[in-house]
Structures are given as C-alpha cells and as structure tokens.
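Here is what each chain is made of, one letter per residue.
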Amino acid sequence: MSRFRRDIFHVMPAGEEKHTLSFINILSALSGGERCRYFIVGDNQHIHGVKRGISIEYFYGNEAYKVLLQKLGFAEKIIMHGIWPTFVCDFLAKNPKLMKKTVWIPWGGDFYFPEKQPSARHEFIRMVPKIISASGADKKYIIQNYSANADFIKMFPYPVSVFREDSSESKLPDKINRKTRILVGNSATRTCNHYESFVAIEKANIPDKEVICPLGYGLEKVRKNVIQLGRDFFGDSFFAINSMLGFSEYRNFLKDIDIAVFAHDRQQALGNCYILLSLGKTLYLKARSPIHEHLTEYGFHVRSLFDLGLGGLDSQEIKDNVETCKKFMSREIYLENWERFLLED
C-alpha cells in the first residue's frame, strides 16, 4: 500500500447496508472517490450490491482488528462512520498524528446518554478535529456533554436524505373508505418509546386507524414486547413489520402512510423523517426532542405529540416542506458537498 496514493479510509460498522451501500456506490462516481477505501468492521459483514472496482475489506476478530489498525497508519484521511468499535477510538486517541486526519460522522448511539458511553468514546469525541453533521441540535449536545472542540462541517452525510423528484409528484393516499395509517417508531429499540406513542394515539381517539410498527431492526426482546403492547392497545388494528425492507420497498411503503408518530428523546429515524416530509406526510414529535429541534431549524412544519387528533398539515405546509427538501437536500447539493470534501487537502 503506497503512502503516496492519498487514500481516504472509511471505517464502517457491519450490518448497516441501509446507510452504507448507497453511500459507497455514490461516492465511487465522484472526483476524489477513487481515493476511498472501505473497511467494514464486525460480524454479519458482506455488503451485497457494491459496484465493481470499489475497494472494500472486512474485519472481524482480534487478529483482523490488529491488521485494520496497521492499515490505518497509511491513511491520508480517516472517516469514522459511527464510533462503536472502541478499540479504534482508543487507537486514534493514542496516535495524535492519525487523529489529526480523522473525521467523525456521528450516529445517535455514539454520543447520547454520555454517562453510559465508554471512556474511549469520550476521549475520541473530545479530540476529533472534524465532525460531519447536518444537525445543530446534535452539535450543541456533543459540545455540551463532551467538551468537543471540533470543526463542524454542516452537510447531510448519507443519501437517504436526498430529495427525489417523484416526491413532489406524490399524491396523498385516497382516504375514501380507507383507514388512517399511522407509522410508529422505526425499529425494535427502547429509544423509540413505543409505549408513549401508543398512549398518545389512544388519547387522540382517531377512528378507523391502522397502527404499523417497523420492527425488523433491533432487539428480539423489544420486538416481542412492542408486538404485545400493540395488540393490547389496538387489537387487530395493530401491524408489525418484522423483516428488513429494501430502500425502494420501504419508501413505497411510506408513501401509503398518513401520519408518523416518533416519541424519541434522542436523534433517531432522521432518514424516515426526511422521506416522510418529502412525501407530504405529517410528523408528530416530542416538542423538545433533538429531532424536533433539527427539523424546525431547517424550517420544516411538524406537529407536537400533543397535537395528535387535531388535524395534520394543511396544503400550504405540505408544499413548504417539499420545497424545503428541494432546497437543502437536492442530489446536486449532496454530490457537490461530498466532492468538495473528498478533494480538499
């Protein structure tokens, strides 16, 4: 491996194709994309659908992790997609020359609940020089809780946020002789706070509804608990999606949703939020949550959890949300931002 190739190493978690696959393929076509190498860390590794010619390596187990750390020493730039592998955090924190080349793309599980985060993550966040994030709320949280002193690069990191032209042409579902379809949460994780969402929906007294929970991603124990809760609250009107859907399939599913209820206390499900807003759907969120703060920062119209049952977005608000998606999340802007970043010294 030559030191003069100016390689950019992306360290990514295994099992997260919904975020990483399209990202890898898109970057490969950009100027500077030929410099990128992708290191997938953890079990359940192989990513299917990567374009031919892209450099991708898989690492799992102690011996493989040693090889990974050796390879990082040759990087011109290191981009950490999440920081769950604490052994990499610790290695970079102890190697200042490499840390100076490191960029972090935060995932919610990296930094929320700081009292539960290992010391290696605290040290990494305190030292990392650059952070890519589109969220002012996350920036504030990271600075306040970790004494971070990084330069924040404000851009959307993953293409799930990119506006698609068919969104503006999407029609709202025909509600004649049709139940109101309510999406709750995005995964089988405790941080979705399904119980709070179910209580809010029940209090709203929405007639003729279907409550749908995507549970294909997350913990089996949480999945079983949410299914039982859903049946207790809504009986035959509750539906669980227990398998992972492909991006196109999931997006088509979201087109047929009427409203979404997200009771998260932390940053989560932003990809879902962007797609739903671009499709003209109404989001109900906790009023002081980081998701609410992030979306309203960009000018999106959303509703509070307490507004359930009082009516969704009007036609002008829907139009405004679609225009906001076009303004900040166009494919052109996304590609320009990443190309500029890849080519910078």
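Residues numbered from 1 in each chain as written. Predicted model: local features only at pLDDT ≥ 70, side-chain atom pairs only at ≥ 80, totals over all residues. Heavy atoms only, no water.

**A look at the confidence of the model for the chain**
- Per-residue confidence for the chain averages 92 on the pLDDT scale, and 94% of its residues sit at or above 70.
- A low-confidence stretch, residues 168-173 (pLDDT under 50), is modelled with 15 contacts involving residues beyond four sequence positions or located in other chains. (pLDDT = per-residue confidence, 0-100. Contact = heavy atoms within 4.5 Å.)

**Section: the pairing of strand β4 (residues 77-81)**
- Most of β4 sits inside the fold, with 5 of its 5 residues counted as buried.
- The alternating pattern of β4 places Lys-77, Ile-79 and His-81 and Ile-78 and Met-80 on opposite faces, both of which are buried.
- Here strand β1 (residues 8-13) pairs with β4 via 4 bridges, running parallel. From the neighbouring strand, Phe-9 faces β4, where its bridge partner is Ile-78.
- As paired elements, β4 and strand β5 (residues 102-105) share 4 bridges and run parallel to each other. By the bridge assignment, Met-80 is partnered in β5 with Trp-104. (Buried < 20%, exposed > 50% of the residue type's maximum accessible area, 1.4 Å probe, protein only. Helix = DSSP H or I, 4+ residues; strand = E, 2+ residues; numbered from the N terminus. Pairing = 2+ DSSP bridges.)

**Some thoughts on helix α3 (residues 86-93)**
- Three or more residues of α3 are buried, namely Val-88, Cys-89, Leu-92 and Ala-93. Taken end-on, α3 shows its buried residues confined to a sector of 130°, consistent with a single buried face. (Arc of directions from axis to C-beta.)

**Observations concerning helix α1 (residues 17-28)**
- The terminal C-alpha atoms of α1, which comprises 12 residues, lie 16 Å apart, in line with the 16 Å expected from a rise of 1.5 Å per residue.
- All of the buried residues in α1 are Thr-20, Leu-21, Phe-23, Ile-24, Asn-25, Ile-26 and Leu-27.
- Structurally, α1 contributes buried residues whose contacts are with β1, β2 (36-41), β3 (55-59), β4 and α14 (331-343). (Expected span 1.5 Å × (residues − 1).)

**A look at the packing of aromatic side chains**
- Within this structure, the stated rule accounts for 21 aromatic pairs.
- Measuring from ring centre to ring centre gives 5.4 Å for Phe-39 and Phe-59, while their planes differ by 75°; the resulting arrangement is edge-to-face. Taken together, the positions of Phe-39 in strand β2 and Phe-59 in strand β3 put the pair 20 residues apart, joining distant regions of the chain. Like Phe-59, Phe-39 is buried.
- Seen in terms of ring centroids, Phe-198 and Phe-233 are 5.7 Å apart; in terms of plane orientation they differ by 55°. Their pairing is tilted. Of the two residues, Phe-198 sits in helix α8 (residues 194-204) while Phe-233 sits in helix α9 (residues 220-234), which places them 35 residues apart along the sequence.
- Owing to a relative accessible area of 0%, Phe-198 belongs among the buried residues under this scheme.
- Three or more aromatic residues joined by ring pairs form one cluster here, namely Phe-23, Trp-107, Tyr-158, Trp-338 and Phe-341.
- Over the ring of Phe-341 we find Lys-77; its NZ or CZ atom is 4.3 Å from the centre of that ring.
- Lys-116 extends its terminal NZ or CZ atom over the ring of Phe-113, reaching a point 5.4 Å from the ring centre. (Phe/Tyr/Trp six-rings, centres within 6.5 Å; stacked < 30°, edge-to-face > 60°. Lys NZ or Arg CZ within 6 Å of the ring centre and 35° of its normal.)

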